[in-house]
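Inside the fold
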Amino acid sequence: MFQRDGARLRQRTAKRTSVELPYENKIASYLKKQDVLPNETQHLLFVLTFFLFVSFIIIVLERNLPDPITIDTERLYPGRFVAERARNHIVNLTSIGPRIAGSYENEVLAVKFLTTTISNVIKTAHENHRIVLNITKHSGAFPLKFLDGMTNVYRNVQNVIVKVGPHRPTMYSLLLNCHFDTFVESPGGSDDGAGCAVMLEILRIITQSPKILKHSIVFLFNGAEENILQASHGFITQHPWAKKVQTFINLEACGSGGRELLFQAGPHNPWMLEVYAKSVPYPYASSLAQEIFESGIVPGDTDFRIFRDFGKISGVDFAWSKNGYVYHTKFDNVDQIPLGALQRTGDNILALTQGIVFEDHLSDPSMQETRGSLVFFDFLGAFVIRWPQYIASTINIASLITAGYSIYLNMQNARRSIKRWTYMRHVTMCVGVVIISWLASMFSCTLIALILTKLGKVMSWIIDNLQEVSSAWILHQMYCDAYAIVWMTILFLPIVLLIKNAERIINVIVGIFLIAIAVLILTPLGFPYSGDPLSPAPERFMIAHTQRQFYDADGSVRYSGTGYWLVDLDMNSPHSVESIVPEMAAATPTVRDCEKELYCGFPYLMPVTTFLWKTSWIPGPAPLISIPTKLEIISKTAKQHTINFTFNVTGPDHMSIILSPYKGINLEKWSVIDEKPLQGPMWNDRETYFIYYACASDCMPYTFSIELN
Ligand SMILES: [Zn+2]
């Protein structure tokens, strides 16, 4: 249908032109058209060159880190951030090993390292500063809408806090936050040892300088962030210094090194971005990242949320994101962190801190009253563009109007030769074709990925052939050569061909596709993991050695089993390692358990069933459980329409308690927090409630009561 109309259209147009224009004019208009409209090859070349150019700039920017200042050269740079000192702090902190809240490493050794280092800084500080070190323990509970939603209960989590200010009292403070605890198994080099190391070095520089601060700085080294944001909540809701905190800087990482991205700002205090734009030497910011982060697509969170939601203060959030492979793994050590990255982050955060505490923004009421969020981004690392939400909306609306007007103009021009309804019909068809081509490309990509995965080709090559190449250097060279071949094939060769003949585009694209498939199947490029100790890219597994016991209401055991619970964090797990770990062949999916049992009857420590629902089970021997978990009903009292239960829980320092009343019964109140219990996702038409409980020291049995309606 489309073709037939098109043919008719061409005929009609041709007829009209031949009547209206003499022969010479026709040639002239044809040539003119040739001048105005570039052909497809030129378009393609322009787009390719543009993307290549932008990619090149981004790669250069990403790799371009400042020269680090070392202890040997620091006397040449007075008042500057010394990257080597920060690195030494990371070495000392990571040498303790993984630091989980509640462990000896975190609660004793890490706290000792921090207090010793801070005490040494205080000894060398200039007399113009008043410095107070405070170590606190906090207990509390709060609802957290992160993941599937939970009620977060904590006991005795620790903070190491330093307040620096002038000798006269100050009205306002800037808060700098990092966390010294780590994810399970990780030495926490970048997450967040580096953040704490940067803060220790900034503390040294600020306190050694005689320059008197206009406002105080609170350095919060928090001891329970991976424990789901508990220590920051303890500080901001309970500590007396928190009341004067007017704004904050949070230092985080989801990768080791590169450029630290300002990825969250606000919700108010747009002046913070002004200070950032004016003072930092190497800006790198994106409010698009904030949109993505706030949308919940990324299952991660930072203390930014706690300061914003529970402290009601605005601030900025920074994170490294390069080399995310090592994030939350045992490979997150100091060797993965380039010294230049520490220098860059240190220079930026020091400049931002100084820009805030040596200026009047914090005490200026007109600054504090400015509200509203900002749209911000850096322009190729040179400067920061920022404008308020209303200007962003204006620009968006103006773009819409311009685009609409341009379509209208095109339509008016075309109407000289085509009827309006014909034009509209064709435009609608074109829109349809574009959408269908998008869908088709998404579908074909998914199909190819599925076929390749099912074929197992991606995996088989490396397992069969890795033994043949023993030298890491040769392997590295092979990768480089492979990249060179691919780029030559998909980019430079087509350009050479296309310049000569635009109609070869389709053939070349089909060729590229076939070569890409061959490259994926026959070369190591399709293999996503690497065991190279210098740049590891591990496949992630979460395996819990588990004992499960299901009880009936009368207390009798209805099921008991032991084995290994595997949570798939990767599309290739669990069967990708079958040739190395033959036991994986026995792994069976747990879909049936999820239908029958609350939270699949597995020990989810976090409410993540909607994220991590693909899990497997391998029957095995019983684990050694040194501290058994015990849940007792202490009391049960019934009133007219309500029943009260009081429970007592004893067990290890980390526990999750999941409640699900029968259909038609509601959990109205509980003693866990004062407000209404935060509900999780529905399960078999029943409400669910998740309590995450963590105790860092001096643990007591946990007692709570619920009121059912
Ligand atoms: Zn972190």
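Residues numbered from 1 in each chain as written. Predicted model: local features only at pLDDT ≥ 70, side-chain atom pairs only at ≥ 80, totals over all residues. Heavy atoms only, no water.

Some thoughts on the overall build of the chain
Basically, it comes down to this: Segments assigned H or I by DSSP are reported as helices when at least four residues long, segments assigned E as strands when at least two residues long, and all are numbered from the N terminus. For the exposure calls, accessible area comes from a 1.4 Å probe over protein chains only, and a residue counts as buried if that area is under 20% of its type's maximum, exposed if over 50%, partly exposed in between. Working rule for contacts: check all heavy atoms of both residues, and any pair within 4.5 Å makes them a contact. Values of accessible area rely on a 1.4 Å probe in the Shrake-Rupley scheme; residue burial ignores everything except the protein chains shown.
Along the backbone of the chain there are 18 helices and 19 strands. Here the chain, with 709 residues, has 43% of them falling under the buried criterion. Here the analysis covers contacts within the chain between residues at least 6 apart in sequence; of these, 76% occur between residues at least 24 apart. For the chain, the exposed surface amounts to about 38,600 Å²; the carbon and sulfur share of it is 62%.

Some remarks on the coordination of the zinc ion
Defined as follows: Donor selection uses N, O and S atoms within 2.8 Å of the metal (3.2 Å for Na, K and Ca). Since no water is included, sites may look incomplete. All geometry calls rest on donor angles, where a four-donor set with angles between 85 and 135 degrees is tetrahedral, four- and six-donor sets with opposite donors more than 155 degrees apart and all others between 65 and 115 are square planar and octahedral, and all else is irregular.
Ligation of the zinc ion by protein atoms is provided by His179 (NE2), Asp191 (OD), Glu252 (OE) and Glu252 (OE), these donors lying 1.9 to 2.6 Å from the ion. Around the zinc ion sit 4 donor atoms, and with donor-metal-donor angles ranging over 52 to 138° the site reads as irregular. Of note, the donors binding the zinc ion are all from one chain and are spaced H-x11-D-x60-E. Placement of Asp191 in helix 6 (residues 189–208) and of Glu252 in strand 5 (residues 245–253) is noted, with a sequence separation of 61 residues between them. Taken as a pair, Asp191 and Glu252 share a single burial class, namely buried.

What about the confidence of the model for the chain?
Formally: Across the chain, each position has a pLDDT score giving the predictor's confidence in that residue, from 0 to 100.
Chain-level pLDDT for the chain is 83 on average; 86% of the residues reach the 70-or-more range. Of all secondary-structure elements in the chain, the lowest mean pLDDT belongs to helix 1 (residues 2–20), at 40, while strand 4 (residues 216–222) reaches the highest, 97. Note on residues 30–35: pLDDT under 50 across the span, and 0 contacts to partners over four residues away in sequence or across chains.

So, unusual backbone geometry
Backbone geometry follows two general trends: most residues other than glycine have a negative phi, and most peptide bonds adopt the trans configuration. In this chain, Asp191 is followed by Asp192 through a cis amide linkage whose omega measures 0°. Its place among the elements puts Asp192 in helix 6. Residue Pro267 is reached from Gly266 by a cis peptide bond, and omega for that bond is 10°. Tracing the chain through its elements places Pro267 in the loop between strand 6 (261–266) and helix 8 (271–279). With a phi angle near 55°, Leu147 is a residue other than glycine that sits in the positive phi range. As for its position among the elements, Leu147 is in the loop between strand 1 (130–144) and strand 2 (150–165). With a phi angle near 80°, Glu185 is a residue other than glycine that sits in the positive phi range. The topology assignment puts Glu185 in the loop between strand 3 (173–179) and helix 6.

Things to note about the sheet that holds strand 13 (residues 615–619)
Put simply, the rule is: Two strands pair if DSSP finds at least two bridges between them.
In spatial order, the strands read 10-11-13-12; together these 4 strands make up an open sheet with antiparallel pairing. Edge positions in the sheet fall to strand 10 (541–551) and strand 12 (588–589), since each has one partner strand and no second. One ladder, built from 11 bridges, connects strand 10 with strand 11 (residues 557–568); its direction is antiparallel. Bridging from a neighbouring strand, Thr546 pairs with Gly563 of strand 11.

Considering the pairing of strand 4
Along any regular strand the residues' side chains alternate between the sheet's two faces. Selection rule: Here the term right-handed applies to a crossover when the path leading from its first strand over the helix to its second strand runs clockwise, the strands being oriented away from the viewer.
Burial of strand 4 is extensive: 7 of the 7 residues sit out of reach of the surface. With burial as the criterion, each face of strand 4 is covered, one bearing Ser216, Val218, Leu220 and Asn222 and the other bearing Ile217, Phe219 and Phe221. Across 7 bridges, the pairing between strand 3 and strand 4 is parallel. When the sheet's bridge partners are listed, Leu175 is paired in strand 4 with Val218. Since strand 3 and strand 4 lie parallel, the crossover through helix 6 that links them has a hand, and here it is right-handed.

Quick word on the side chain of Glu597
Of note, Glu597 is situated in the loop between helix 18 (591–596) and strand 13. When sequence neighbours within four positions are dropped, the list of residues in contact with Glu597 reads Phe550, Arg558 and Trp683.

Thoughts on empty space enclosed by the protein
As a reminder of what qualifies: In the cavity and pocket records, a cavity denotes points on a 1 Å grid over the protein atoms alone where a 1.4 Å probe fits but cannot get out, a pocket denotes an open set with protein on both sides within 12 Å along at least 5 of 7 lines, and lining residues are residues with an atom within 4 Å of a point. Grid points are joined across faces, edges and corners, and a volume is the space filled by probe spheres set on the points. The nonpolar class holds Ala, Val, Leu, Ile, Met, Phe, Trp, Tyr, Cys and Pro. Asp, Glu, Lys and Arg form the charged class, and all remaining residues, Gly among them, are polar.
On inspection of all chains with the given rule, the structure shows 2 cavities of 30 Å³ or more. What the largest cavity holds in volume is close to 90 Å³. For the largest cavity, the full set of lining residues is Ser190, Asp192, Ala194, Gly195, Val198, Leu251, Glu252, Ala253, Glu260, Phe318, Trp320 and Thr345. Contributions of two or more residues to the lining of the largest cavity are made by helix 6, strand 5 and strand 7 (314–320). Partitioning the lining of the largest cavity into residue classes produces 6 nonpolar, 3 polar and 3 charged.

A look at the state of the cysteines
Applied cut-off: Cysteine sulfur atoms are paired as a disulfide whenever they fall within 2.5 Å.
By the definition in use, this model includes 3 disulfides. Disulfide pairing places Cys594 opposite Cys600 at an S-S distance of 2.2 Å. Taking the sign of the S-S torsion, about 100° here, the bridge from Cys594 to Cys600 comes out right-handed. Listing the disulfide partners of the chain by sequence rank of the bonded cysteines yields 1-2, 3-4, 5-6.

Focus: the sheet that holds strand 17 (residues 667–670)
Under the convention used in this document: Angles here are taken between N-to-C directions and fall from 0 to 180 degrees, while the axes themselves are lines fitted to C-alpha atoms, restricted in helices to the stretch in contact.
Taken together, the 4 strands give an open sheet; going across it, the order is 14-15-19-17, and neighbouring strands pair in antiparallel fashion. The open sheet has two edge strands with one neighbour each: strand 14 (630–638) and strand 17. Taking each pair of neighbouring strands and ignoring which way they run, the sheet shows an average axis angle of 25°. As judged from the 3 bridges shared by strand 17 and strand 19 (residues 702–708), these two strands associate in the antiparallel manner. Directly across from Leu667, in strand 19, lies its bridge partner Leu708.

A closer look at a nonpolar patch on the surface
How we decide: Within this analysis, patches are made of residues with over 30% relative accessible area and no salt bridge. Like charges are joined at 9 Å or less; nonpolar side chains (Val, Leu, Ile, Met, Phe, Trp, Tyr) at 5 Å or less. When a carboxyl oxygen of Asp or Glu is within 4 Å of a side-chain nitrogen of Lys or Arg, the pair counts as a salt bridge.
On the surface, a nonpolar cluster with roughly 960 Å² of combined accessible area is contributed by Phe46, Val47, Phe50, Phe51, Phe53, Val54, Ile58, Phe379, Leu380 and Phe383. Considering every element that reaches the nonpolar patch, the biggest residue donor is helix 3 (residues 40–63), with 7 residues. In this structure, Phe50 sits in helix 3.

Details of the environment of Gly664
Position of Gly664 relative to the elements: it lies in the loop between strand 16 (654–659) and strand 17. Of the residues examined, Gly664 reaches a relative accessible area of 66% and is grouped as exposed. Between the C-alpha atoms of Gly664 and Arg686, which are 22 residues apart in sequence, the distance is 7.8 Å.

Structural notes on the packing of helix 4 (residues 83–94) against helix 6
As a reminder of what qualifies: Angle categories are assigned with fixed cut-offs, so that under 35 degrees is roughly parallel, over 145 is roughly antiparallel, 65 to 115 is roughly perpendicular, and the rest are oblique. With the far helix as reference, a near helix turned anticlockwise by less than a right angle produces a left-handed crossing, and one turned clockwise produces a right-handed crossing.
Helix 6 packs onto helix 4 with a crossing angle of 130° between their chain directions and a minimal axis gap of 8 Å. Considering the angle they form, helix 4 stands oblique to helix 6. Handedness of the crossing formed by helix 4 with helix 6: right-handed. In this structure, helix 4 contributes Arg85, Ala86, His89, Ile90, Leu93 and Thr94 to the contact, and helix 6 contributes Gly189, Gly193, Ala194, Ala197, Leu200, Glu201 and Arg204. Of the residues in the contact of helix 4 with helix 6, the class split is 6 nonpolar, 4 polar and 3 charged.

As for the UniProt feature "transmembrane region" (unreviewed entry) in the chain
Keep this limit in mind: UniProt positions are given in the numbering used here, feature names are shortened, and annotations may be inferred rather than shown by experiment.
Here, the residues flagged by UniProt with the feature "transmembrane region" (unreviewed entry) are residues 43–61, 387–408, 429–453, 473–498 and 505–527. What you have in residues 43–61 is 100% helix and 0% strand, and the ends, taken at the C-alpha atoms, are 27 Å apart. Taken end to end, residues 387–408 has its terminal C-alpha atoms 30 Å apart, with 91% of it in helix and 9% in strand.

Description of the packing of aromatic side chains
Stated formally: Aromatic pairing here means that ring centres of Phe, Tyr or Trp (its six-membered ring) are within 6.5 Å. Orientation follows from the plane angle: under 30 degrees is stacked, over 60 is edge-to-face, and everything else is tilted. Comment: the charge-over-ring label is applied if NZ (Lys) or CZ (Arg) is within 6 Å of the ring centre and within 35 degrees of the ring normal.
One pass over the full model with this rule turns up 21 aromatic pairs. Taken together, a centroid distance of 5.1 Å and an interplanar angle of 0° make the contact between Trp565 and Phe602 stacked. Residue Trp565 is found in strand 11, and its partner Phe602 is found in the loop between helix 18 and strand 13; the two are separated by 37 residues along the sequence. For Trp565, a relative accessible area of 1% corresponds to the buried category. The class for Phe602 is buried, based on a relative accessible area of 5%. Ring centres of Trp670 and Tyr689 lie 6.0 Å apart, and the angle between their planes is 65°; this geometry places the pair in the edge-to-face category. Separated by 19 residues along the polypeptide, Trp670 in strand 17 and Tyr689 in strand 18 (residues 689–695) bring together distant segments of the chain. What makes Trp670 buried here is its relative accessible area of 8%. Using a relative accessible area of 1% as the deciding quantity, one classes Tyr689 as buried. Grouping aromatic residues by their ring pairs yields a cluster made of Trp565, Tyr599, Phe602, Tyr604, Trp617 and Phe690. Directly above the aromatic system of Phe358 lies the positively charged group of Lys211, at a separation of 4.3 Å from the ring centroid.

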